[in-house]
Amino acid sequence: MVGKVSERVLLREGLERTDNNMKQTSWPEIIPINQKNYYTEYMKREDQILALRSQSDATRDKLVQTAKDRDRALNQNGEVPTDALPEEGAADAPLDELDPSKIIVIHPGSQNLRIGFASDALPKTVPMVIGYKWKQTESEEHEALPRRQFEAQKIDQQYGEEWSKKYKKMSDDLKIDMRLNKRKVLPNSKELVANYNRRTEPEVIPQHNDPLQIEWTDVADLEAPEPASNVIWGQQALRIPDDSEPKIKLWWPLQHGNFNEDEYDEVERLYDDFEEILELALRQELGLTDRQQWRQYSCVFVIPDLYDKKYVENALKSCMGWFQFNKLCFYQESMCATFGAGYTQACVVDVGAQKTAVSCVEDGLCIEDSRINLKYGGYDVTETFIKMMLYDHFPYQEINLRRRYDFLLAEELKQKHCTMSQAEISVQLYQFHLRAPNKPTHKYQFKTYDEVILAPMGLFDPALFDSSTKLRGRRKLIERSYNAYDVDQPDDPTSAAQFAILARENPAVAATANGGPAAAGGGANNDVSTPSKEKSQPFNFLARGEANGTPATSNAPSPAPEGSGTPAPFVFGAGKEAVNGTGSPAPSAANGSGTPGPSQNGGLTPAQAAMLAASQQAPPGIFVGGDGPSQRDLAAERDAVLPVAPLDVAIMTSIYNAARGDDKRLREFVGSIMVIGGGAKTPNFATFLEERLRALRPDLAERILISRSARDMDEQVVVWKGASVFAKLPTNDSWVTGKEYERLGARILHHKVLWQW
């Protein structure tokens, strides 16, 4: 081993180390920071965020302009006018207050579009449909609705034995319930209705004797060379004859609250139809025919509470890119509903055409974990009502909801005859006129009995509805949104209440919905050394007894304490088997009304037992392998479950997740339930729903209160009216300008929306 060489030897050999003061690189040197104490201000000040900086700049520009106007008026007149003086709180005021007549409020739905100016008293309502020339009409391309086997010999085989048994059971339960309520029930009412409907024949009315003839849409203009004449939309599209030449097919861009991916083969065509309907509404309904005018208007766009980010981003792109509105802001339906009705706190139940939304609103903001989106609505009631009538030998057996005039006829019959009041249930004789294109008018007479109440009761027993095609084509064209930093992490908003609804239909979802073992196995934090904290499961009340330090002794249920001071926890599935002979939910152990009997699972239903087993597994991050399903697979598994549940169960689920164990908030929400939407216009709907909720929670019977809508407003326009009230607010921080969208795109919504994006 060579020893150390002295500097003298190195000098003699010419190997002395010298320094020529030359840097090894021209790149600037970065001084290492102190690892023990360092601080950064990156993205921690408002002036570093474009949205907030633009707002402060606008406020400052207004103050400067106000000062200039004041000085100019003082120099010219020697006195300062009162309108030039800055008002109190002017520093927080926006740059310019928007004129309500320059704000367009848009509320698209699966069946109807409501659009109008913020200064209007009521919106314009048009069907959300558009028609093009096609090789086949929708009635020729798809099977008839309601679905039935035309070649079957017996009526039970024609509509399915399972559905027939359920329909008969509901009819028998209704008779028992009516007898308990001291109402007169004839034993042969169903036979009277069926025999009369089977024998009746239509009466042909000549064209000159029919004063209420329908003016059908002429499609000859579609052959014209002008591009604007190649499209028929709205109410005119529903009046196109099915045997028109050329053939026209109707397209509905929205279905069940989302984009209709099942009917379309190209996503560009789907987006184009959505924009085309909005553009036609602007031109024909609002009179804004010149595209240059659109830049002078701002827009308020109403979106669902539990939305898809792709839907909102596409709406933002259309409004700011294609229509080029001056400003744009988004509001959720439940928030708009409370503003339109004048409530500060409420549980909003919106029964729409194809979806039913339940959300709790407190202090003007929607509680995230209370949002529920159910895939049924008024259209399912229409289809079920016609199906029940056909089962009882409805005289017009050829009815098909795929045909346009039959669809309008079915909606008319439902609105006229459906009710939820047992006092109106008796054998009734009605009539209707069938007006078909190129055919004489036929007058039918028919009788009804319990079909008028059993069809709306499907909202409380969704198994009565036909849900076989509601998830068909989902995610076929539009992929779900993923996080920008973790490409395998779904980014669409979630809700504990919605997970509970999915777990009720498929108990396996409960283990992976909110921090379960499978979710942890496929997450992005599998390689961390420190176990992650287990996430709470607000919908799993069965596991709360094991969350504290005291070990549970037994899974067998015990009677709840008497009195209404301590409400028993809400358990999913308790209302499934707890149905007595009258068809209404009987009090169960979860309601604190008695001691449950022994069973194989300790008094638990199969759904509850599966959820309990899932909650007893290992917490995430502890002894969990990395070979589990990914978050992408778990999201696909949840999307495969159809979110349906009885409406009363869904309401209590939403309220419990909003209250989060606070008994005071629970009582406040059950005392301020507001039902809106077209499906809520059924007579006696609010009273019937109130009775169902009181049966679920007898201890809160005196607290439960349901109101329809304040100020005698139509339930269908409450959301739009609330959005117009939002648009008139003098201070609004949620406006998105064209400059902000041009620079940040959809990322600007993170700073602009009033909820967590």
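Treat the numbers as computed from the prediction; the structure is a model and nothing was measured.

## Details of the packing of aromatic side chains
Alright, step 1. Applying the stated criterion across every chain yields a total of 29 aromatic pairs.
Alright, step 2. Ring geometry for W251 versus Y264: centroids 5.0 Å apart, planes at 40 degrees, classification tilted. Taken together, the positions of W251 in strand β7 (residues 248-251) and Y264 in the loop between β9 (258-259) and α8 (267-285) put the pair 13 residues apart, joining distant regions of the chain. Just as W251 is buried, Y264 falls in that class too.
Alright, step 3. Geometrically, the ring pair formed by Y376 and F465 is tilted, given 5.9 Å between the ring centres and 50 degrees between the ring planes. A residue pair is termed long-range when its members are at least 10 positions apart, and Y376 in the loop between β15 (372-374) and α12 (378-391) and F465 in the loop between α14 (451-454) and α15 (496-505) qualify at 89 residues. The same class applies to Y376 as to F465, namely buried.
Alright, step 4. Site record: aromatic cluster; members linked through ring pairs are F394, Y396, Y430, F432, Y444 and F446.
Alright, step 5. The cationic tip of R291 hangs over the ring face of W322; the distance from NZ or CZ to the ring centre is 4.5 Å.

## Side note on the pattern of salt bridges
Alright, step 1. As enumerated under the stated definition, the model contains 44 salt bridges in all.
Alright, step 2. With a closest N to O distance of 3.0 Å, D488 and R632 form a salt bridge. You can see D488 sitting in the loop between α14 and α15 and its partner R632 sitting in helix α19 (residues 631-639), a full 144 residues away along the chain.
Alright, step 3. D488 gets classed as partly exposed once you look at its relative accessible area, which sits at 36%.
Alright, step 4. Among the charged side chains, a network of salt bridges with common partners joins E261, D308, R474, R475, R480, D492 and D639.

## A few points about the side chain of S672
Alright, step 1. Tracing the sequence through the fold places S672 in the loop between α21 (663-670) and β18 (673-676).
Alright, step 2. In this structure the side chain of S672 is engaged in a polar contact, spanning 2.9 Å, whose partner is the backbone oxygen of E668.

## Looking at the sheet that holds strand β16 (residues 428-434)
Alright, step 1. Spatial ordering of the open sheet is given by β5-β17-β16, a layout of 3 strands whose pairing is antiparallel. The open sheet has two edge strands, β5 (203-205) and β16, and neither has a second partner. Taking the axes of each pair of neighbouring strands and ignoring which way they run, one obtains an average angle of 30 degrees across the sheet.
Alright, step 2. Looking at chain direction, β5 and strand β17 (residues 441-448) are connected through 3 bridges and run antiparallel. Looking at β17, one finds that E203 is bridged to K443.

## Observations regarding helix α10 (residues 309-322)
Alright, step 1. The end-to-end C-alpha separation of α10 is 19 Å, in line with the 20 Å expected for 14 residues at 1.5 Å each.
Alright, step 2. Those residues of α10 that fall on the buried side of the exposure criterion are K309, Y311, V312, N314, A315, L316, S318, C319 and M320.
Alright, step 3. Of the residues one or two after α10, Q324 is the one with positive phi, at around 55 degrees.

## Things to note about the confidence of the model for the protein chain
Alright, step 1. Looking at the protein chain, the pLDDT average stands at 82 and 80% of residues meet or exceed 70.
Alright, step 2. Across residues 607-625 the pLDDT falls below 50, and counting only partners more than four positions away or on other chains, this stretch makes 39 contacts in the model.

## Digging into the pairing of β16
Alright, step 1. Looking at chain direction, β16 and β17 are connected through 7 bridges and run antiparallel. Following the sheet pairing, Q428 is matched in β17 by T448.
Alright, step 2. Between β16 and β17, which pair antiparallel and follow one another directly, the connecting turn spans 6 residues, one of which, N438, has a positive phi of 60 degrees.

## Observations concerning the packing of helix α20 (residues 647-659) against helix α22 (residues 685-696)
Helices that pack against each other are described as a pair by the angle of their axes relative to one another and the distance between those axes.
Alright, step 1. One way to put it is that α20 packs onto α22 with a least axis distance of 9 Å and a crossing angle of 65 degrees. Between α20 and α22, the crossing angle belongs to the class labelled roughly perpendicular. In this structure, α20 meets α22 at a crossing whose hand is right-handed. For the pair α20 and α22, contact is made by L647, D648, V649, I651 and M652 and by F685, L689, R692, L693 and L696, respectively.

## Brief notes about the sheet that holds strand β4 (residues 130-133)
For sheets, the rule is that strands pair by backbone hydrogen bonds, running either parallel or antiparallel.
Alright, step 1. Ordered by their spatial adjacency, 3 strands build an open sheet running β6-β4-β7, and the pairing between neighbours is antiparallel. The strands lining the two open edges of the sheet, one partner per strand, are β6 (232-233) and β7.
Alright, step 2. When β4 meets β7, the two strands line up antiparallel, connected through 4 bridges. Along β7, the bridge assignment pairs Y132 with K249.
Alright, step 3. Here α8 sits on the sheet and contacts β4, β6 and β7; the angle it forms with β4, its principal contact strand, is near 115 degrees.

## Details of α8
Alright, step 1. Taking 1.5 Å per residue, 19 residues should reach 27 Å; α8 reaches 27 Å between its end C-alpha atoms and fits that length.
Alright, step 2. Restricting attention to buried positions, one finds in α8 the residues V267, L270, D273, F274, E275, I277, L278, E279, L280, A281 and L282.
Alright, step 3. Phi turns positive, to about 75 degrees, at G287, one or two residues after α8.

## With respect to the environment of D633
Alright, step 1. Mapped onto the secondary structure, D633 falls in helix α19.
Alright, step 2. Sequence separation of D633 and D488 is 145 residues, and the distance between their C-alpha atoms is 9.2 Å.

## What to know about a negative patch on the surface
Alright, step 1. Where like charges cluster on the molecular surface, the negative patch consists of D265, E266, E268 and D272.
Alright, step 2. Topologically, D272 is positioned in helix α8.
Alright, step 3. For D272, a relative accessible area of 44% puts it in the partly exposed group.

Definitions and limits used
- Residues numbered from 1 in each chain as written.
- Predicted model: local features only at pLDDT ≥ 70, side-chain atom pairs only at ≥ 80, totals over all residues.
- Heavy atoms only, no water.
- Phe/Tyr/Trp six-rings, centres within 6.5 Å; stacked < 30°, edge-to-face > 60°.
- Helix = DSSP H or I, 4+ residues; strand = E, 2+ residues; numbered from the N terminus.
- Buried < 20%, exposed > 50% of the residue type's maximum accessible area, 1.4 Å probe, protein only.
- Lys NZ or Arg CZ within 6 Å of the ring centre and 35° of its normal.
- Salt bridge = Lys/Arg side-chain N within 4 Å of Asp/Glu carboxyl O.
- Polar contact = N/O pair within 3.5 Å; in protein donor to acceptor, adjacent residues only side chain to side chain.
- Pairing = 2+ DSSP bridges.
- Axes fitted to C-alpha atoms, helices over the stretch in contact; angles between N-to-C directions.
- Expected span 1.5 Å × (residues − 1).
- pLDDT = per-residue confidence, 0-100.
- Contact = heavy atoms within 4.5 Å.
- Parallel < 35°, antiparallel > 145°, perpendicular 65-115°, else oblique.
- Left-handed = near helix turned anticlockwise from the far one by under 90°.
- Patch = residues over 30% accessible without salt bridge, like charges linked within 9 Å, V, L, I, M, F, W, Y side chains within 5 Å.
- Areas by Shrake-Rupley, 256 points an atom, 1.4 Å probe, with all protein chains shown as cover.
- Lys, Arg positive; Asp, Glu negative; His and termini not counted.
- Charge placed at Lys NZ, Arg CZ, Asp CG, Glu CD.

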